[in-house]
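Below, each chain spelled out in residue letters.
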Amino acid sequence: MNKKLLYTISFFIKGLEVGILLLLPVFQTQGIITVFQVGLLGATMSSFQIISNLQTGHLAEKFGGKNILALGIGMYATAWLSLGILPNVEILFFAYALAGIGSGVFIPIANSFVVKISDKNRSTEMGNFSAYTDLGRVLFSSVTIILVGLFSTARTSLFYAVSALILLLIFISRIKRNRDMHEALSSEENLEKIKILSLLKEKRYVLSVITGIFDGFSSASLYIFIPLLLVPKGIFLSTIGLLSSLFFLGYFSGRLLLGRLADRYGAEKILVFAQVCMAFLIGGIIFAHNIFIIAIILFLLGIFTRGTSPIIRAMVAEAVDEKRKLNRAYGFYSFAVNSSSMASRLIFGILVGSLGITSVFYLSSLVALLTIIPITVYSNHRKHSS
């Protein structure tokens, strides 16, 4: 089955997602929003992600996966267009809500599709998919900051809006000609509807969701707050853009490396190792001041923060006994993880305003270590059930 189309679309979607979030600290330095609103807008995006996550499986069953993917792309195009027209506080909340919907409906269907075509070495395949999409993060994280510096936030937003519209047109035209993908994304329309409660009775599925919640809280929002940690160290905004790219390059490397290690040595062992490394590296970034040391730490931190995500998504697939349940399973999983991400952004925003930016990183380190608990329980339950 041809996967290139979905992989390419996901590459751009992840890029658009990280690009719009990286504008938050830019808006803050421009005086458009406050530090607290950085967290609040991030939470707004997450809240609409989780609302749409919860409905994604139902929408795919009713309208077909291909139409839901098109909806996600369209939401991003509209969000960027809104920022290009008038970037005031009210428009920002509207745009970040739309971006949340776009991400919320797109990602679960994309994950489900990848799992359906990878019965073996799922951690590796999910890692490959995530790594490919993370190239979008790496590219857009640097390009967005550079474009804003050379032009303006409004012109950059309009450029991305037009790009997203072109992307939507390409997807619509190609999906009709790609019979295999068209059938795979439409196959769930006439099946018996899956209820969430039936999934929540599967203990390993619940444990994998809990693992994702802890992992997401500790790591998914760090990149938004890293610039706020680095600016007081005397690092210029343009340099922070390059460091952000290095951080996301770590994402890319971690997806490829950890997924393969998980298939070879066991998901639980690799996850525990990654959480310990993450906690240690977060402490390092707090106290580091040399730019070269910071660059090395950020790259390694990228490996162990989000390199874990495809492994956990593979655990979700392993815990679900039927492929037809995957859309619902990933919809609820994304709902839970994005709820955790929304909570982290709100809490992190409050902590920055009350206790300072370093408190965010101390809390992230603690939660990373706590993630070991559900991973261990999952491992024990699998041993007893096998």
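Described in the following lines is the structure provided in the data block. (Residues numbered from 1 in each chain as written. Predicted model: local features only at pLDDT ≥ 70, side-chain atom pairs only at ≥ 80, totals over all residues. Heavy atoms only, no water.)

1. With respect to the overall build of the protein chain
Along the protein chain, the regular secondary structure elements total 17 helices and zero strands. Evaluated residue by residue, the protein chain yields a buried proportion of 60% over its 386 residues. Carbon and sulfur atoms form 68% of the exposed surface of the protein chain, whose accessible area is close to 15,300 Å². (Helix = DSSP H or I, 4+ residues; strand = E, 2+ residues; numbered from the N terminus. Buried < 20%, exposed > 50% of the residue type's maximum accessible area, 1.4 Å probe, protein only. Areas by Shrake-Rupley, 256 points an atom, 1.4 Å probe, with all protein chains shown as cover.)

2. Observations concerning the nonpolar core
Generally speaking, soluble globular proteins have nonpolar side chains that are buried together. The biggest cluster of nonpolar side chains holds 120 residues, and the ones touching the most others in it are Ile 20, Trp 80, Tyr 96, Phe 106, Tyr 205, Tyr 223 and Phe 361. The element best represented in this core is helix α1 (residues 4-29), accounting for 14 residues. Every residue in contact with Phe 361, bar those within four places of it in the chain, is listed here: Leu 222, Phe 225, Ile 226, Leu 229, Ile 282, Ile 285 and Ile 286. (Core = buried A, V, L, I, M, F, W, Y, C linked by side-chain atoms within 4.5 Å. Contact = heavy atoms within 4.5 Å.)

3. Section: helix α10 (residues 222-230)
Where burial is concerned, most of α10 is hidden: nine out of the nine residues are buried. Listed as buried for α10 are Leu 222, Tyr 223, Ile 224, Phe 225, Ile 226, Pro 227, Leu 228, Leu 229 and Leu 230.

4. Looking at the environment of Ile 294
By secondary structure assignment, the location of Ile 294 is in helix α13 (residues 291-306). On the accessibility criterion, Ile 294 (0% relative accessible area) is buried. A sequence separation of ten residues divides Ile 294 from Gly 284, and the C-alpha atoms of the two residues are 8.3 Å apart. Those residues in contact with Ile 294, other than ones at most four positions away along the chain, are Leu 230, Lys 233, Ile 235, Leu 243, Ile 285, Ala 288 and His 289.

5. What about the environment of Ile 285?
Tracing the chain through its elements places Ile 285 in helix α12 (residues 267-287). Look at Ile 285 and you get buried, because its relative accessible area is 0%. Other than its neighbours up to four places away in sequence, Ile 285 contacts Leu 229, Lys 233, Ile 294, Ile 297, Leu 298 and Phe 361.

Geometric values such as these leave the question of function open.
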